[in-house]
Number of protein chains: 2
Amino acid sequence: MAKTKGRVTLPSEGGFLEETKEIMGRWGADALRDSDGTKLPEEIKALDAAVYTTYFVARGHNEFAKGHMEECQQLYLMSPRVTSVDETVEIPFMEGYFNQQVVPDYFHDQKRWWEVMDRTSGETVAPENWTVNQERDVVVVNNARPFHEYTVSFLVYAIWDPTQMYNHITNSWGDKPHEIPFDVRQPASGQFAKEYLVQWLKDNPRTDVVRFTTFFYHFTLVFNDQAKEKFVDWFGYGATVSVKALEEFEQEYGYRLRPEDIVDNGYYNSTFRVPTRHYLDYMDFVQRFVAKKARELVDLVHEAGREAMMFLGDNWIGTEPYGKYFPEIGLDAVVGSVGGGATLRLISDIPGVRYTEGRFLPYFFPDTFHEGNDPCVEARENWLGARRALMRKPVDRIGYGGYLSLAYKFPAFVDYIEQVTDEFREIYGNIVGCRPYCGLKVAVLNCWGQLRAWQAFMVAHALWYKQTYSYFGVLESLSGASVDVVFLSFEDIRETGVPKDVDVIINAGAAGTAFSGGHQWLDAKVVAAIRQFVWQGGGFVGIGEPTAAHFGGRCFQLADVLGVDQELGFSLSTDKYFTSGQNIHFLKEDRKGPFDFGEGIKNVYALSKDTEIVEFSDGEVHISAHRYGKGRGVYLAGLPYSYENTRLLIRSLYYSAGQEANMKRWFAQNPLCEVHAYPDRGLYAIVNNSGEPQHTLAYDGKGHACGLTLEGGQVLWKTIGS
Amino acid sequence: MAKTKGRVTLPSEGGFLEETKEIMGRWGADALRDSDGTKLPEEIKALDAAVYTTYFVARGHNEFAKGHMEECQQLYLMSPRVTSVDETVEIPFMEGYFNQQVVPDYFHDQKRWWEVMDRTSGETVAPENWTVNQERDVVVVNNARPFHEYTVSFLVYAIWDPTQMYNHITNSWGDKPHEIPFDVRQPASGQFAKEYLVQWLKDNPRTDVVRFTTFFYHFTLVFNDQAKEKFVDWFGYGATVSVKALEEFEQEYGYRLRPEDIVDNGYYNSTFRVPTRHYLDYMDFVQRFVAKKARELVDLVHEAGREAMMFLGDNWIGTEPYGKYFPEIGLDAVVGSVGGGATLRLISDIPGVRYTEGRFLPYFFPDTFHEGNDPCVEARENWLGARRALMRKPVDRIGYGGYLSLAYKFPAFVDYIEQVTDEFREIYGNIVGCRPYCGLKVAVLNCWGQLRAWQAFMVAHALWYKQTYSYFGVLESLSGASVDVVFLSFEDIRETGVPKDVDVIINAGAAGTAFSGGHQWLDAKVVAAIRQFVWQGGGFVGIGEPTAAHFGGRCFQLADVLGVDQELGFSLSTDKYFTSGQNIHFLKEDRKGPFDFGEGIKNVYALSKDTEIVEFSDGEVHISAHRYGKGRGVYLAGLPYSYENTRLLIRSLYYSAGQEANMKRWFAQNPLCEVHAYPDRGLYAIVNNSGEPQHTLAYDGKGHACGLTLEGGQVLWKTIGS
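The text that follows walks through the structure, step by step, so that each part is easy to find. (Residues numbered from 1 in each chain as written. Chains lettered and ligands numbered in written order. Predicted model: local features only at pLDDT ≥ 70, side-chain atom pairs only at ≥ 80, totals over all residues. Heavy atoms only, no water.)

## Some words on the sheet that holds strand β6 (residues 89-91) of chain B
All names here are of chain B. What counts is decided by this rule: At least two bridges found by DSSP between two strands are what make those strands a pair. Secondary structure is summarised from DSSP: a helix means a run of H or I of at least four residues, a strand means a run of E of at least two, and numbering begins at the N terminus for each. Note on definitions: angles span 0 to 180 degrees between N-to-C directions of axes, and those axes are lines fitted to C-alpha atoms, for helices only across the stretch in contact.
Spatially, three strands are ordered β6-β11-β10 in an open sheet, and the strand pairing comes out antiparallel. Both edges of this open sheet fall to β6 and β10 (130-133), since each of them pairs with a single strand only. Neighbour to neighbour, the strand axes of the sheet diverge by 25 degrees on average, direction disregarded. Here three bridges tie β6 to strand β11 (residues 138-141), and the two strands are oriented antiparallel to one another. The residue of β11 that forms the bridge with Glu90 is Val140.

## Looking at the state of the cysteines
Using the following cut-off: Disulfide: a pair of cysteine sulfur atoms within 2.5 Å of each other.
Taken as a whole and assessed by the stated rule, the structure comprises zero disulfides over all chains. Just so you know, Cys555 of chain B is unpaired, no disulfide at all, and the nearest cysteine sulfur is the one on Cys555 of chain A, 14 Å from it.

## Concerning the pairing of strand β12 (residues 149-158) of chain A
Residues and elements named next belong to chain A. Put simply, the rule reads: Buried residues are those whose accessible area, probed at 1.4 Å on protein chains only, stays under 20% of the maximum for their type, while exposed residues exceed 50% and partly exposed ones sit between those limits.
With 10 of 10 residues buried, β12 is to be regarded as a mostly interior element. Covered by surrounding structure in β12 are Glu149, Thr151, Ser153, Leu155 and Tyr157 together with Tyr150, Val152, Phe154, Val156 and Ala158, the residues of both alternating faces. In the sheet, strand β4 (residues 74-78) pairs with β12 via five bridges, with the strands oriented antiparallel. When the sheet's bridge partners are listed, Tyr76 is paired in β12 with Leu155. Sheet topology places strand β5 (residues 82-83) next to β12; two bridges connect them, and they run antiparallel. Each bridged residue has a counterpart across the sheet, and for Thr83 the counterpart in β12 is Glu149. As defined by bridge partners, strand β7 (residues 102-104) adjoins β12 across three bridges and the pair is classed as antiparallel. In the sheet register, Val102 faces β12, and the bridge partner there is Ala158.

## Looking at the interface of chain B and chain A
Heads up, the rule is: Any pair of residues with heavy atoms lying within 4.5 Å of one another is described as a contacting pair. Put simply, buried area is the surface a 1.4 Å probe can reach on two separate parts but cannot reach once they are joined, added for both. Here, a salt bridge means any side-chain nitrogen of Lys or Arg that lies within 4 Å of a carboxyl oxygen of Asp or Glu. Polar contacts, as used here, are pairs of N or O atoms within 3.5 Å; protein pairs need one atom able to donate a hydrogen and one able to accept it. Residues neighboring in sequence count only if both atoms are side-chain atoms.
If you look at the interface, chain B gives 61 residues, while chain A gives 61 residues. For the pair chain B and chain A, the summed buried area comes to about 5,100 Å², and 53% of that belongs to carbon and sulfur atoms. If you look at where chain B meets chain A, you find 10 salt bridges. In this structure, the connection of chain B to chain A is made through 26 residue pairs in polar contact (both at pLDDT 80 or more). Residue assignment for the side of chain B that touches chain A shows that the elements contributing at least two residues are β15 (229-233), α17 (524-535), β24 (548-551) and β29 (620-628) of chain B.

## Re the side chain of Asp284 of chain B
All names here are of chain B. With respect to the element layout, Asp284 can be found in helix α9 (residues 277-303). Exposure remark for Asp284: the relative accessible area of 18% places this residue in the buried category. The contact partners of Asp284, leaving out residues within four places of it in the chain, are Tyr253, Lys324 and Tyr325.

## Observations concerning the relation of the copies chain B and chain A
Put simply, the rule is: To superpose the copies, least squares is applied to the C-alpha atoms of every residue with a pLDDT of at least 70 in both.
Note on the copies: chain B fits chain A at an RMSD of 0.0 Å, the axial shift is 0.0 Å, and the rotation between them is 180 degrees. These values place the two chain copies in the arrangement generated by a two-fold rotation axis. Nearest to the rotation axis, the C-alpha of Lys602 of chain B is located 5.0 Å from it, this being the minimum over chain B. A symmetric contact is evident, with 100% of the interface residues of chain B recurring at the interface of chain A.

## What about the packing of aromatic side chains?
Here is the rule we go by: Planes of paired rings set the category: under 30 degrees apart is stacked, over 60 is edge-to-face and the rest tilted, where pairs are Phe, Tyr or Trp rings (Trp by its six-membered ring) whose centres lie within 6.5 Å. Counting as a charge over the ring demands two things of the Lys NZ or Arg CZ atom: a distance within 6 Å of the ring centre and an angle within 35 degrees of the ring normal.
Following the criterion strictly, the structure yields 115 aromatic pairs over all chains and no others. When the ring of Trp27 of chain A is compared with that of Phe413 of chain A, the centres are 6.4 Å apart and the planes differ by 75 degrees; the resulting orientation is edge-to-face. Taken as a pair, Trp27 of chain A in helix α1 (residues 17-27) and Phe413 of chain A in helix α14 (residues 411-431) lie far apart in primary sequence, 386 residues in all. Assessed through its relative accessible area of 0%, Phe413 of chain A is described here as buried. Aromatic pair Trp27 of chain B and Phe364 of chain B: ring centres 6.3 Å apart, planes at 65 degrees, arrangement edge-to-face. A residue pair is termed long-range when its members are at least 10 positions apart, and Trp27 of chain B in helix α1 (residues 17-27) and Phe364 of chain B in the loop between β18 (355-359) and α12 (375-390) qualify at 337 residues. A residue is classified by how much of its surface remains accessible, and Trp27 of chain B, at 0% relative accessible area, is buried. By relative accessible area, which is 0% here, Phe364 of chain B ends up buried. Grouping aromatic residues by their ring pairs yields a cluster made of Tyr55, Phe64, Phe182, Phe192, Tyr196, Trp200, Phe212, Phe215, Phe216 and Tyr217 of chain A. Cation over ring: Arg256 of chain B sits above Trp113 of chain B, and NZ or CZ is 5.2 Å from the ring centre. Above the face of the Trp448 of chain B ring, Arg452 of chain B is positioned so that its terminal group lies 3.8 Å from the ring centre.

## Focus: helix α5 (residues 162-170) of chain B
Those residues of α5 of chain B that sit buried are Pro162, Thr163, Gln164, Met165, Asn167 and His168 of chain B. Ser172 of chain B sits one or two positions beyond α5 of chain B and adopts a positive phi of about 50 degrees.

## Quick look at the packing of helix α7 (residues 243-253) of chain B against α9 of chain B
Residues and elements named next belong to chain B. The condition that has to hold: Any angle from 65 to 115 degrees is called roughly perpendicular, while one under 35 is roughly parallel, one over 145 is roughly antiparallel, and all others are oblique. Gly is put with the polar residues, along with every residue not named as nonpolar or charged; the nonpolar set is Ala, Val, Leu, Ile, Met, Phe, Trp, Tyr, Cys and Pro, and the charged set is Asp, Glu, Lys and Arg.
Put simply, α7 and α9 touch, their axes get as near as 11 Å, and they point 110 degrees apart. For the element pair α7 / α9, the angle class is roughly perpendicular. Across the interface between the two elements, Ala245, Glu248, Phe249, Glu252 and Tyr253 from α7 touch Asp281, Tyr282, Asp284, Phe285 and Arg288 from α9. Broken down by class, the residue content of the contact of α7 with α9 amounts to five nonpolar, no polar and five charged.

## Some details on the side chain of Thr151 of chain B
All names here are of chain B. Along the chain, Thr151 falls in strand β12 (residues 149-158). A distance of 3.0 Å separates the side chain of Thr151 from the side chain of Arg119, its partner in a polar contact. When sequence neighbours within four positions are dropped, the list of residues in contact with Thr151 reads Met78, Ser79, Pro80, Arg81, Ile91, Glu115, Val116, Met117 and Arg119.

## Things to note about the sheet that holds strand β36 (residues 715-719) of chain A
Residue and element names in this part refer to chain A. In space, the three strands of this open sheet follow the order β32-β33-β36, with antiparallel pairing throughout. A strand with exactly one partner marks an edge of an open sheet, and here the two such strands are β32 (673-678) and β36. Taking the axes of each pair of neighbouring strands and ignoring which way they run, one obtains an average angle of 20 degrees across the sheet. Bridge analysis of β32 against strand β33 (residues 683-688) gives six bridges, and the strand direction is antiparallel. Within β33, the position partnered with Val675 by the bridge is Ile686.

## Thoughts on the pairing of strand β13 (residues 209-212) of chain B
All names here are of chain B. Burial of the side chains of β13 extends over both faces: Val209 and Arg211 are buried on one face and Val210 and Phe212 on the other. Here four bridges tie strand β3 (residues 50-55) to β13, and the two strands are oriented parallel to one another. What sits directly across from Tyr55, in β13, is Phe212.

## Looking at the packing of helix α11 (residues 341-348) of chain A against helix α15 (residues 469-479) of chain A
All names here are of chain A. Selection rule: Put simply, a crossing is left-handed when the front helix is turned counterclockwise from the back one by less than a right angle, and right-handed when it is turned clockwise.
Relative orientation of the contacting elements α11 and α15 amounts to 65 degrees, with a least axis distance of 7 Å. Crossing angle aside, the handedness with which α11 passes α15 is left-handed. Here Gly341, Ala342 and Arg345 of α11 lie close against α15, whose contacting residues are Phe472, Leu475, Glu476, Leu478 and Ser479. Taken together, the residues of the contact of α11 with α15 break down into four nonpolar, two polar and two charged.

Pasting the structure below:
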């Protein structure tokens, strides 16, 4: 096979010219980038490659920022809860916050912009009943009710950019200046952002691609008084707030947001919260502003004849790539970090840009690239994990970050990435622009729908949480499966019903969260629409605590569809007779080992003998199926990611839709393998997702099987019909 | 020791005179009783013993009942849920019910007394939109909303007494007549109940004690169409309902109860439901009626010179022995079944009667008394389990039930019970009428308070449920512990605050249930009162999901007191740093093996470094303590009953109240042993609760210890100060 070239971005650095050239050759790189802590020297910029340059809009300009501290970014924070033991209570509201990151906003009228809450009664304390002591950063509440808990919601200025703060503290940067984040909504900052970019473009003629990291507002990241992370929400709008924004909001929407609309009991409208109307309005307000402002910068980039690329992360709030206004920004490209299949799809599915790029792992940093460690392990895991998603919808480019000089010291790693980049180009060449075979169309239903496509169950980007891994596996499984995936919100169902072409709806998550749906399930319109969908032949797969919202004698509002409900303790008086699992069932046909439901869900029981109990243990149902009209409901107690659980999900999807007879088309019998077909190209690939050789039956599009053995990690391309 | 006599009740039967005499002598029995299926012949009634005779008020008189079928007892039942697939839906409401137990009430106007519910919207369907087809037992709903679920709440007549039905079916009694339950609220039945008793007393001159089994209304027990139990609630008021009762209720209370007030979404106001105001009103209404009517019968018994004893069970609804009206019934005695310590205390603590009697296990039935089984095993377990409760508050008599002739075939059993009865009389003689030493006063707080003292967490009497055993252990532990136990309701707290003499409040149960408290925790008055109590030095022990009611950013409303809260998924964005348990802590000082929390609770986390984490595993806190003012909150994830967990609870109580220095008074260092002291009598007992010899340090009232070894099951009496 002839050596291919292109679609690969390499980090480089000073004093590393010859090696850069060598690796460019071996990996076929056609773009070079700087990284945090590195700059590309002119000699490298002069190589035959596009040059990406990192660009910060709203930080890294302290000379400007220091002159406009009243334009710093702001946040609403909630103080600690303080219990009144008599009628006066002092709330040291800054306690627990990091005073190098945030300082109280004593500039604006506190009586107008702050709020004291009685958290025990849920009531607001009248402003005449509290005063602010600015010397001590304390709010004093008078006429307090004894043994009630009080909090203050207060405005602060952010005086340190969270990402720089994190890097600064983590890497002990000492007296390196703290980068001050400013708010482009403010007049001087908005002006500065544009003027600086114009000049910067002039000053950086070799830059082909301006890599915005990112635009204006960082996701919510607040540190504590130990200079450690206190609160992190990758989706949080906390740092978009300002008095100016709130005033403009009121003017536009005709109502005023309360601090509580942002503070939200201290949850700060986490992505796990069922969003309120007010918060949705506010998000929309911010998104429109960000899109408009970002467009101005992108236009400047284009006017200078360069490309504009956005890094998906850091200051990305308001630029949600699946949001309504994202295409208006006019970006050429988005680049993001790839942790696995779902994060790859999060990037590769982004609409409205010319190309996407995935930054693969490991980052070339000493934590991985040190004596005695084999970086190939992480690289292989990352590649094989993301590759199955790539086979469904490829990013247009891949790249790496960090110190190339570090990676260069590991020849086996350089070899392995050479192989990866070749394989990427081969896959890309074979499938780009072509729709892979999808056996089913699957809709993931939650409060966020398309806006947070592939982003459900995340707190911090791609980090593991005990409370989420049992659900995140659903996305990871789907990311590389031979099904079409769409994301629906409850609002979508209300407005237009279940789309006609959807075969299966998945609802997964913990009770009360935005992903299960909480009180959205009390909307009879939603419930009836989904019942009708299943009755007429659709599938419904509920995972964890699907449709959970205790009402009307049900915990799961679609218990009738699922055939199971969760015992909350109220119906213990009703005998539960259906406790024996079926020995043989389509859902577990090729399961060899024990099931793994992750955290699992307690006390789920079958409603009647019509429920097919597939797994019953510890007095609970963990897998079941139930016919409902022409369709079926399938229940799974949890789905942490594994190849075996991907298979369980696939079986659940086909079974729920009553299409189990069609499952074995472009299908591998061995759960460690998958088949991806591209009928438009007349090609299909049999893929071994594991690192070891595997034997499998591979089924073609007509369901004919042939046996074959694949090497570890192999992708075997075949011509359809051959 | 001289042979003692008395305080023991023996079952006997025909043709067993000499053996009865022999066992009476050996066990010291001074009362004889009949049982289900046995009658005492005259020769046995003539023995020197009181004679108990079982008496049924509201069943077993079919000659009367058949002539007054319109006076049968009634229930409201909820039909199966039926989904409308178009605008008409038929609800076969009797489906799933046992037509030998209940028949629809077509006598009263269905439009007035029945209710059709749209369970999807929660709305009532207007009567003009449905009709009843009496031939087919179907309700037809018109103008239904597609894909909504509908139910009918309908009145039935009960035509078979549930206890007799159970025995009839279980023992295959074939064509033995079904006993029809009639309702003494109705005119003819009320009259009959009195007249029959008058005559019966005349016909049974040898009866000394009329053993009412019980009075008027059976706890809710409904069978399904397979003639198996469908719904059971030992506390359920289901069978107290009638059109007459509802009309009288409306007249007295000035508002009308809806069927839904009784049906309650199909939960039928289970004891696990936080009771509604309407249901509490209705209970009070029934209790007053039952007390008044029962008093009439008890008066007749007394006028005939006999004693009136009530069996605690079966038709006991409205006679709750801890209820306000119970003393008005004027009973001489209550007898109940003893399954362990808590059920013993349930009987022995009953106020307002001259004496109590516990029926111990095993029942002399072939299920235990058969070739190859040793009935001593169950007897010993039952005796040792209940004895520690007896040491706190003894029943006045013990007894057995079943076929004495069966028990007689097991000489080792007869020997063992001889020993038990002697030991019972020794204990009783030593402690009767005297208050044992109590190191603390403990209040168990739930929605029911005193009304259901010792009855929390029960579905069917003393049966094990997966969802309850982790809480029921609290009562079982307390039943034999050296602490004073009272039961408080939220209403008590609202009305009079926390009683001054209470040292510790326990709140245990699953979120949302009557035992945890559900929305009662949203009452700021309750929350503030308990905070103040702890702040001033009281203890608060929360078990499972204590104070759980998601509001104001908290799952546990007393998270501030407990120092822990439960992560529901909304606060994942907040970092949880406090994850390491303390190696040494008062709460686990003498714990040798691993902890057992039963079902456990997921995702409980410490709020701050001030929380003392005692057990942390699987990413969760399972035991913790937290100082709050002068008091403490202690959290336990669950407390299934064991001697080790009893010790953990005792430690939690003392620690929470800040009285850990006082724990080792009248205290055994070995958790399998306990010390009970009776200062008024100058006596104390060191008890080995296990069947094996145990060595322990025993602490006296001043905290001085001495070591000693006890035989298996031994009670060692000592004189204080000797």
